[in-house]
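Results of the structural survey
Given next are the chains, with one letter for each unit.
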Amino acid sequence: MAEKPFHDQKIVDLANHRADPADGAFGASITRGQEHTLAANEQVMDLLSHILVDESLPFYVTALDGTVLQVNDFYKKLDEALRDVSLAPGQVEHVGKYAVPSLKPVVEDVLASDTTVRSEEVVHINGRERVFLGRHSPIRNERKEIIAVAGTYEDVTVQVRGIEEANKTQARFQDFARASSDWFFECDDNMRIRSLSDRFTAIVGQPASLFVGSKFEQFGRLGENLDGRIDGPKAIQSRKPFREQLFIINEPNGSELKFHLSAVPVFDRTTGDFSGYRGVGMDVTSRYEQVEEARGIRENLESLLAELTRKNMALDIASEQATSALRAKNEFLAAMSHELRTPLNAIIGFAEAFEQQTFGKLDEAYIGYAKDIRKSGQHLLGLINDILDVAVIESGGLSLKIDDLSLDVLIEKAVHMNMEAARQKGLNIDALEVVTEAVVRADDRRLTQILVNLLSNAVKFTKEGGSIGISLSEDSVKKQVDITVWDTGIGISASNLAHVFEKFHQVKDHIYSRSQEGTGLGLHISRELARKMGGDLTVVSVEGEGSRFTVTVPLADGVSADDLDFI
């Protein structure tokens with residue numbers, strides 16, 4: 001049985017587990033006691049009759065040689081419950097018969113101390129460990145001589161286990177305190193520090209003993225916490241708890257250590273007088289640094305946001321100014337185009353009259369001059385028309401008249417306008433003869449303009465003897481038709497293909513293309529017009545092999561070419 005101290009008085013270690021039954025009731029060390037005189041026993045029993053004993057506890061009386069003289073009923077019940085294990089006085093069945101070896105240390109200790117001694121004994125009852133406190137007292141005769149020992153046993157299992165749990169709890173708390181980043185403090189009623197935990201020393205780098213007897217404001221200062229509160233001083237005046245009071249300590253290197261102090265008041269349990277505070281300090285230096293860093297980042301972001309807002313406002317103003325300038329430019333171009341076309345049409349008309357010798361026969365040289373004037377005028381007129389179209393599209397003033405149109409008629413009209421130029425270059429135009437009953441939803445003049453422009457480019461960039469053509473592909477699911485104008489001309493390089501629809505872009509890296517006239521606006525205008533009508537214009541080209549420009553146009557719903565009337 002392990003030793004379990006219970007009080008500060010002397011405690012005897014007793015071990016009474018029964019030995020092998022073959023060795024007797026108490027093992028081989030048990031010897032039959034000598035005969036006691038009847039007078040001695042009677043003297044002890046007579047004395048017991050005058051001693052006040054707590055009969056609610058198991059009780060025994062033993063002679064000085066360890067022979068148990070008497071036990072009460074409670075001891076008998078306890079011995080019956082112990083079964084194979086007994087307390088120091090042994091089993092009830094051996095009372096008055098044997099000197100019990102386990103009682104001899106008890107008797108000797110009582111004789112040596114000349115007073116009551118206590119012992120703790122651990123036994124098992126029904127499989128559960130129980131702790132009994134034994135109180136062993138001397139019995140004296142009229143001459144004050146010890147003639148016997150009497151004892152009682154009390155079940156103190158609950159008290160012992162409570163003390164053990166309290167010790168474990170205290171040990172755990174101490175472990176937590178050592179492992180924690182917090183430190184603990186205690187102050188008297190004048191708020192002078194009575195104690196500081198060792199953790200404070202680890203944080204500030206100075207012995208905690210140097211601060212004992214001082215007030216917090218003598219080696220630091222209070223400040224506002226992250227919530228802007230200073231609750232400590234007011235709470236201390238009112239003897240109330242406080243939490244997260246910021247406390248700042250300046251280090252020798254100029255940096256600051258910041259702590260949150262939280263504490264509760266302590267009052268004397270007897271008088272109720274205020275006796276000080278107990279609390280904890282938490283190192284929050286890194287938290288405040290993070291908050292300060294976040295505040296700096298936030299201020300920087302707010303500054304950037306303000307700058308971005310200012311720039312956006314400036315961009316809005318610049319955009320509005322640019323829009324106004326573009327509108328003014330387009331209006332100017334539209335007005336100028338109108339003013340330029342009037343005299344230019346007159347020049348072209350007079351040049352045609354001279355070329356046809358309407359006003360009389362002219363020399364061949366003058367006829368040639370008139371022809372050059374007409375071609376230059378027509379070229380200039382085309383340029384003006386293109387510029388006017390771009391201005392109208394970009395200004396949002398483009399007006400379209402969408403109708404159900406026969407695609408066959410539109411293609412025939414566009415082919416007719418480019419037929420003569422293709423024949424003069426000796427191109428194969430057999431593939432231009434297409435027949436279709438498709439009806440499209442488009443603007444007549446603008447779709448014709450797109451097809452004429454694509455066919456004109458095909459003729460322009462295809463060498464003599466090459467071929468040009470038109471192919472159609474209807475998509476009933478998407479309700480659209482693809483009109484592809486193809487040629488076997490010079491084609492477009494991959495580097496130029498991405499820019500082919502940009503304004504004023506012309507392919508200049510081919511010797512054949514350098515001799516061709518053009519403004520670089522036709523394809524840009526054509527794609528914008530196609531998109532305005534709900535379609536698109538795309539291109540596939542291989543340099544040296546030719547190009548395929550496809551304009552997509554919406555099909556009319558449930559209308560055939562036979563349903564349309566043409567004048």
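The following refers to the structure shown. Values in this document were obtained by computation on a predicted structure and should not be read as measured data.

Turning to the environment of Val92, a few remarks are in order. Along the chain, the position of Val92 falls in the loop between α2 (73–82) and β5 (98–99). It is 6.2 Å that separates the C-alpha atoms of Val92 and Lys76, two residues lying 16 residues apart in sequence. Excluding residues that lie within four positions of it along the chain, Val92 makes contacts with Val71, Tyr75, Lys76 and Asp79.

Quick look at the sheet that holds strand β18 (residues 467–475) now. Two orientations exist for strands paired in a sheet by backbone hydrogen bonds: parallel and antiparallel. As summarised here, the arrangement of the five strands in space is β16-β18-β19-β21-β20, forming an open sheet in which the pairing is mixed. At either margin of the open sheet sits one strand with a lone partner, and together these are β16 (428–431) and β20 (536–542). Each adjacent strand pair in this sheet contributes to an overall mean axis angle of 20°, direction not counted. Pairing geometry for β16 and β18, over two bridges, is parallel. Residue pairing across strands places Asn428 opposite Ser467, the latter belonging to β18.

With that out of the way, let us pick up the pairing of strand β14 (residues 274–283). Pairing of strand β9 (residues 183–187) with β14, which is carried by five bridges, proceeds in the antiparallel orientation. If you follow Trp183 over to β14, its bridge partner there is Gly281. As judged from the nine bridges shared by strand β13 (residues 256–267) and β14, these two strands associate in the antiparallel manner. Bridging across to β14, Val264 finds its partner in Arg278. Between the end of β13 and the start of β14, which pair antiparallel, lie six residues, with Gly272 showing a positive phi angle near 80°.

As a further point, take the environment of Leu523. Following the sequence through the fold, Leu523 ends up in helix α12 (residues 522–532). Linking Leu523 and Phe504, residues 19 residues apart in sequence, is a C-alpha distance of 9.4 Å.

Running from N to C, helix α10 (residues 444–460) and α12 cross one another at 145°; their axes reach a closest spacing of 10 Å. Relative to α12, α10 is oriented so that their crossing is left-handed. Contacts between α10 and α12 pair Arg446, Gln449, Ile450, Asn453, Leu454 and Asn457 from the former with Gly522, Leu523, Ile525, Ser526, Leu529 and Ala530 from the latter. Split by residue class, the contact of α10 with α12 holds six nonpolar, five polar and one charged.

Another aspect to go through is a nonpolar patch on the surface. Judged by side-chain polarity, Phe350, Phe354, Phe359, Leu362, Tyr366 and Tyr369 come together as a nonpolar surface patch covering roughly 690 Å² of accessible area. Its place among the elements puts Tyr366 in helix α8 (residues 364–394). What makes Tyr366 exposed here is its relative accessible area of 51%.

The rules we used
- Residues numbered from 1 in each chain as written.
- Predicted model: local features only at pLDDT ≥ 70, side-chain atom pairs only at ≥ 80, totals over all residues.
- Heavy atoms only, no water.
- Helix = DSSP H or I, 4+ residues; strand = E, 2+ residues; numbered from the N terminus.
- Contact = heavy atoms within 4.5 Å.
- Pairing = 2+ DSSP bridges.
- Axes fitted to C-alpha atoms, helices over the stretch in contact; angles between N-to-C directions.
- Left-handed = near helix turned anticlockwise from the far one by under 90°.
- Nonpolar A, V, L, I, M, F, W, Y, C, P; charged D, E, K, R; others polar.
- Patch = residues over 30% accessible without salt bridge, like charges linked within 9 Å, V, L, I, M, F, W, Y side chains within 5 Å.
- Areas by Shrake-Rupley, 256 points an atom, 1.4 Å probe, with all protein chains shown as cover.
- Salt bridge = Lys/Arg side-chain N within 4 Å of Asp/Glu carboxyl O.
- Buried < 20%, exposed > 50% of the residue type's maximum accessible area, 1.4 Å probe, protein only.

Shape descriptors only; they carry no functional weight alone.
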